[in-house]
Amino acid sequence: MSDYLYDGKGPPDPEVARLEELLAPMRYRGAAPRPRARRWPFYAAAAATAAMAAAAPIVLRPRVEPWAVEDVAGTPTCGGAPCRALPLEQWLETDGASRARLTVAKLGRMDVEPGTRVRRKAAHRLELAVGAISARVSAPPRLLVVDTPTAAAVDLGCAYRLMVAEGGATHLEVTWGWVSLEAPGRSVYVPAGAEAWTTPGAGPGTPVFLDAPAALREAVARVDAGDAAAVAAAVAAARARDTLSLLHLVPRVAGDARVAVVDRILALGPPPPLPRERLLAADAAALDRWRETLAPSWY
Amino acid sequence: MAEPAGMRHQHDDRGADAPLVAAARRGDRFAFGALHARYGKMVHAILLGRVPARDAADLVQDVFLRALERIASLRDDAAFGGWLAQIARHRAADHLRARRGESGLPEDLAARDAGTGRAEAAQALAAIRALPDAYCETLLMRLVEGMTGDEIAARTGLTPGSVRVNLHRGMRLLRERLGLPASLADEAKDEVEEVDE
């Protein structure tokens, strides 16, 4: 007997389906950043909140260990003053001549390059507003997240450099392990030796290996910019290792272009874990399984 | 009112994660990452039932970090899901204690947008949170996280039958509280499960 409430199969119960639809935006999406709240409509509520907080005699906060700050060059500042530790909610800033090293207890370290503003927004979450950091993470995957204006960089066990330009465009280059770049509606996996850009309004772009042919890099950039006609050039230029880029193109294109991409991966890669029809459907679960099969050829 | 079906029945598949847990204890951080991928939704649902939605995602990381610090103390690798769920409940309680005195939490600001989907979602979440814990957690795993009943059973250690009971009894209560029409399915499944139990 079908039971929609139990397993989502069978005829949908209208109220259950309505609740699923209403509550889906609250679903856990790994570390994808939350959409920025609209501020104007909530001014009154914010004012009330501030008034009540001011009236509260004591505000307790969770105990959070500070992150050690080491001056590597110049004088990095926290909240405008020289510092040895970075507490919650505070900005660490380096000018054009300063460098700092953040040591994150049990998690790893981050080198903060000149001209960078980075804030510790939660116990294990940073916000990189502008500039660049290089991270070496020793923690288990997914415990350290860096938010940028366009995506969240989720450590999957790795070393990487993350750069945010004025205007918000973000560049990620992974030197060891994996990083997931996550934004609402789109995530990409970037392995060692590959890079990816994200741009405001467009989310994470397709990852490419640093040694990928120029023709592939150019074609992928055009597809990311909305030029589906460039798929043919990407397919023609791809090497076996570039199934990384092709796999990320599968859900971005449709129709004959998707067929061409899927068939090229099938020709270049190891036997797939699922029938071609499932791969052409491009659902997230199928692509995850395919990625696991292809990943060994990316090293 | 019938009591929620609790943790008294262990699901037969609960040992499936034991090798990953053992590897994580030995310091295999990729095994721990795999556990994060498997259990992230369950932990988030437990937190969402207790703390403001805007805090829940950040606290998921805290819960896994605490689990990592304490995994050596876990005596039964097959009991990882229940152990992790307890860490999540304690973390939520710590968080609420620490924030006592602060105000203006709510996603519930959405109530300002009466009649919109946001307001309806906030109302539905509040109604689910007011249910007994076992119903609340199970419904959030199903309705928010999109987990199937079998998946909930595998993660929590409950039997599939207990999950089904929690879902249907919880949904029946939720319908009453939200003023939704009663469903014959909830009544029928409830009766079937009571006979099975």
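Engineer: What am I meant to see in the overall build of chain B here?
Structural biologist: A tally of helices and strands in chain B yields 9 helices and 0 strands. Helices and strands in chain B line up, N terminus first, as α-α-α-α-α-α-α-α-α. Within chain B, the fraction of its 197 residues that count as buried is 46%. Intrachain contacts of chain B at a sequence separation of at least 6 include 66% that bridge at least 24 residues.

Engineer: Is there a simple way to explain the pairing of strand E12 (residues 170-183) of chain A in this structure?
Structural biologist: Residue and element names in this part refer to chain A. Relative to E12, strand E11 (residues 152-164) runs antiparallel, the two being bridged by 11 bridges. Counted as the bridge partner of Val-154 is Ser-180 from E12. Counting the residues that bridge the hairpin from E11 to E12 gives 5 residues, and of these Gly-167 lies at a positive phi of roughly 100°. When E12 meets strand E14 (residues 194-199), the two strands line up antiparallel, connected through 4 bridges. Across the sheet, Thr-170 pairs through a bridge with Thr-198, a residue of E14. Of the strand pairs in this sheet, E12 and strand E13 (residues 186-191) are connected by 6 bridges, and their pairing is antiparallel.

Engineer: Would you mind going over the packing of helix H2 (residues 14-23) of chain A against helix H5 (residues 117-129) of chain B with me for this structure?
Structural biologist: Packed helices, taken two at a time, are described by the angle between their axes plus the distance between the axes. Orientation of H2(A) relative to H5(B), taken along the N-to-C sense of each, is 110°, at an axis distance of 9 Å. Taken together, H2(A) and H5(B) sit at an angle that is classed as roughly perpendicular. Of the residues in H5(B), those touching H2(A) at A:Leu19, A:Leu22 and A:Leu23 are B:Gly117, B:Glu120, B:Ala121, B:Ala124 and B:Leu125. Residues belonging to the contact of H2(A) with H5(B) are distributed by class as follows: 6 nonpolar, 1 polar and 1 charged.

Engineer: Looking at this model, I keep getting lost on the nonpolar core. Mind explaining?
Structural biologist: Side chains that are nonpolar tend, in soluble globular proteins, to be buried together. The biggest cluster of nonpolar side chains holds 130 residues, and the ones touching the most others in it are A:Ala153, A:Val179, A:Val190, A:Ala234, B:Leu47 and B:Leu139. Sequence-distant contacts of A:Val190, that is, excluding residues within four places in its chain, are made with A:Leu172, A:Val174, A:Trp178, A:Val179, A:Leu181, A:Glu195, A:Ala196 and A:Pro207.

Engineer: What is the right way to read unusual backbone geometry from this model?
Structural biologist: For residues besides glycine, phi is generally negative; the peptide bonds are generally trans as well. All names here are of chain A. Phi angles above zero are rare outside glycine, and Glu-89 is one such case at about 70°. Structurally, Glu-89 is set in the loop between strand E4 (85-86) and strand E5 (91-94). Given 12 C-beta atoms within 10 Å, Glu-89 falls into the exposed group. For Ala-282, which is not glycine, the phi dihedral falls at a positive 60°. The topology assignment puts Ala-282 in the loop between helix H8 (276-281) and helix H9 (284-294).

Engineer: What is the right way to look at the environment of A:Val190 in this model?
Structural biologist: For A:Val190, the position within the fold is in strand E13. In this structure, the C-alpha to C-alpha distance between A:Val190 and A:Ala153, residues 37 residues apart in sequence, is 9.9 Å.

Engineer: Where do I start with the confidence of the model for chain B in this structure?
Structural biologist: Interpretation of the predicted coordinates at a detailed level should be avoided for regions scoring low in pLDDT. Residues and elements named next belong to chain B. Model confidence for chain B is summarised by a mean pLDDT of 80, while 76% of its residues fall at 70 or above. At the level of individual helices and strands, chain B shows its lowest average pLDDT in helix H9 (residues 184-196), which scores 55, and its highest in helix H6 (residues 133-144), which scores 95. Low confidence marks residues 1-13, where pLDDT is under 50. Its contacts with residues over four positions away, or in another chain, come to 24 contacts. Taken together, the stretch residues 108-114 has pLDDT below 50 and engages in 13 contacts with residues farther than four places along the chain or on a different chain. Confidence estimates for the predicted assembly give a pTM of 0.62 and an ipTM of 0.82.

Engineer: Can you help me understand helix H8 (residues 160-178) of chain B in this one?
Structural biologist: Count 3.6 residues to each turn of an α-helix, and residues three or four apart come out pointing the same way. Residues and elements named next belong to chain B. The end-to-end C-alpha distance of H8 is 26 Å, a good match for the 27 Å that 19 residues give at a rise of 1.5 Å each. Of the residues making up H8, those classed as buried are Ser-162, Val-163, Arg-164, Val-165, Asn-166, Leu-167, His-168, Arg-169, Gly-170, Met-171, Leu-173 and Leu-174. Looking one or two residues past H8, Gly-179 carries a phi angle of roughly 70°, positive in sign.

Engineer: For this particular structure, what's the right way to read the environment of B:Asp58?
Structural biologist: Residue placement: B:Asp58 occurs in helix H3 (residues 53-70). You can call B:Asp58 partly exposed: it has 19 C-beta atoms within 10 Å. Sequence separation between B:Asp58 and B:His44 is 14 residues; the distance between their C-alpha atoms is 9.3 Å. Each residue touching B:Asp58, except ones within four places of it in the same chain, is listed here: A:Ala122 and A:Arg125.

Scoring rules and cut-offs
- Residues numbered from 1 in each chain as written.
- Chains lettered and ligands numbered in written order.
- Predicted model: local features only at pLDDT ≥ 70, side-chain atom pairs only at ≥ 80, totals over all residues.
- Helix = DSSP H or I, 4+ residues; strand = E, 2+ residues; numbered from the N terminus.
- Buried ≥ 20, exposed ≤ 12 C-beta atoms within 10 Å, placed from the backbone.
- Contact = placed C-beta atoms within 7 Å.
- Pairing = 2+ DSSP bridges.
- Axes fitted to C-alpha atoms, helices over the stretch in contact; angles between N-to-C directions.
- Parallel < 35°, antiparallel > 145°, perpendicular 65-115°, else oblique.
- Nonpolar A, V, L, I, M, F, W, Y, C, P; charged D, E, K, R; others polar.
- Core = buried A, V, L, I, M, F, W, Y, C linked by C-beta atoms within 7 Å.
- pLDDT = per-residue confidence, 0-100.
- Expected span 1.5 Å × (residues − 1).

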